[in-house]
Amino acid sequence: MTMRSFIHIACLASAGVLLIACNSTSVRVGGAPEASVKNCVAAAARELKVPAASVVVDSGTTPRDGIYTINLKVGPQGRSVVCTTDENSAVLGVVYKRPQ
C-alpha cells in the first residue's frame, strides 16, 4: 500500500466518522440530557405558541444543584429564551431573555 492510498483511506474513514456524528439523533447541550433539551423545545413551542420547528437550541450550562439551563432561539427574529429543567428532565420554566 502506498502512502497516497493510505492517506485516501484515512480521509474516507474520517469523513464516515464525521457523517455518523452529524447524523446522530442524540442532542446534548452544555451537559444537559437529551430528554431535557427535547422537553425544553416542546415547552417553549407550547408556552410561546410557535411551531416547534421555529425553536432552535443555542447553548446550555452544566448542572448546578441538579438544574440545567438551556438557551433557545425562537422565531424568525431569533428571540432569546431560557429554559430550565431539573435532573429528571422536567421543565421548571421557560422565559424570554431581556435584550442587552
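So, a few notes on the structure that sits alongside this text. (Residues numbered from 1 in each chain as written. Predicted model: local features only at pLDDT ≥ 70, side-chain atom pairs only at ≥ 80, totals over all residues. Heavy atoms only, no water.)

Let's shift gears to unusual backbone geometry. For Lys-49, which is not a glycine, the phi torsion comes out positive at approximately 55°. Summarising the element assignment, Lys-49 is placed in the loop between α2 (34-48) and β1 (55-64). The exposure class of Lys-49 is exposed, given its relative accessible area of 75%. Backbone geometry at Ser-89 places phi at a positive 70°, although glycine is not the residue there. When you line up the elements, Ser-89 lands in the loop between β3 (79-85) and β4 (91-96). (Helix = DSSP H or I, 4+ residues; strand = E, 2+ residues; numbered from the N terminus. Buried < 20%, exposed > 50% of the residue type's maximum accessible area, 1.4 Å probe, protein only.)

In this section: the state of the cysteines. For the structure shown, the criterion picks out one disulfide. In this model, Cys-40 is linked to Cys-83 through a disulfide, with the two sulfur atoms separated by 2.0 Å. Where Cys-40 bonds to Cys-83 through sulfur, the torsion about that S-S bond is close to -80°, and the disulfide is left-handed. Of this pair, Cys-40 sits in helix α2 while Cys-83 sits in strand β3; the two residues are 43 residues apart in sequence, bridging distant segments of the chain. Across the pair, exposure class does not vary: Cys-40 and Cys-83 are buried alike. (Disulfide = S-S within 2.5 Å.)

The terminal C-alpha atoms of α2 lie 21 Å apart, and with 15 residues this matches the ideal 21 Å at 1.5 Å per residue to within 8%. The complete set of buried residues in α2 reads Ser-36, Val-37, Cys-40, Val-41, Ala-43, Ala-44, Ala-45 and Leu-48. Buried positions along α2 lie against β1, β2 (67-74), β3 and β4. With its phi angle positive at about 55°, Lys-49 sits one or two positions after the end of α2. (Expected span 1.5 Å × (residues − 1). Contact = heavy atoms within 4.5 Å.)

A few words now on the sheet that holds β1. Taken together, the four strands give an open sheet; going across it, the order is β1-β2-β3-β4, and neighbouring strands pair in antiparallel fashion. Of all the strands in the sheet, the pair left with one neighbour each is β1 and β4. Neighbour-to-neighbour, the strand axes of this sheet turn through a mean angle of 20°, independent of strand direction. Pairing geometry for β3 and β4, over five bridges, is antiparallel. From the neighbouring strand, Val-81 faces β4, where its bridge partner is Tyr-96. Each of β1, β2, β3 and β4 touches α2; the most contacted strand, β2, lies at about 50° to it. (Pairing = 2+ DSSP bridges. Axes fitted to C-alpha atoms, helices over the stretch in contact; angles between N-to-C directions.)

What follows covers the side chain of Ser-36. With respect to the element layout, Ser-36 can be found in helix α2. Not counting residues up to four positions away in its chain, the partners in contact with Ser-36 are Tyr-68, Ile-70, Thr-85, Asp-86 and Ser-89.

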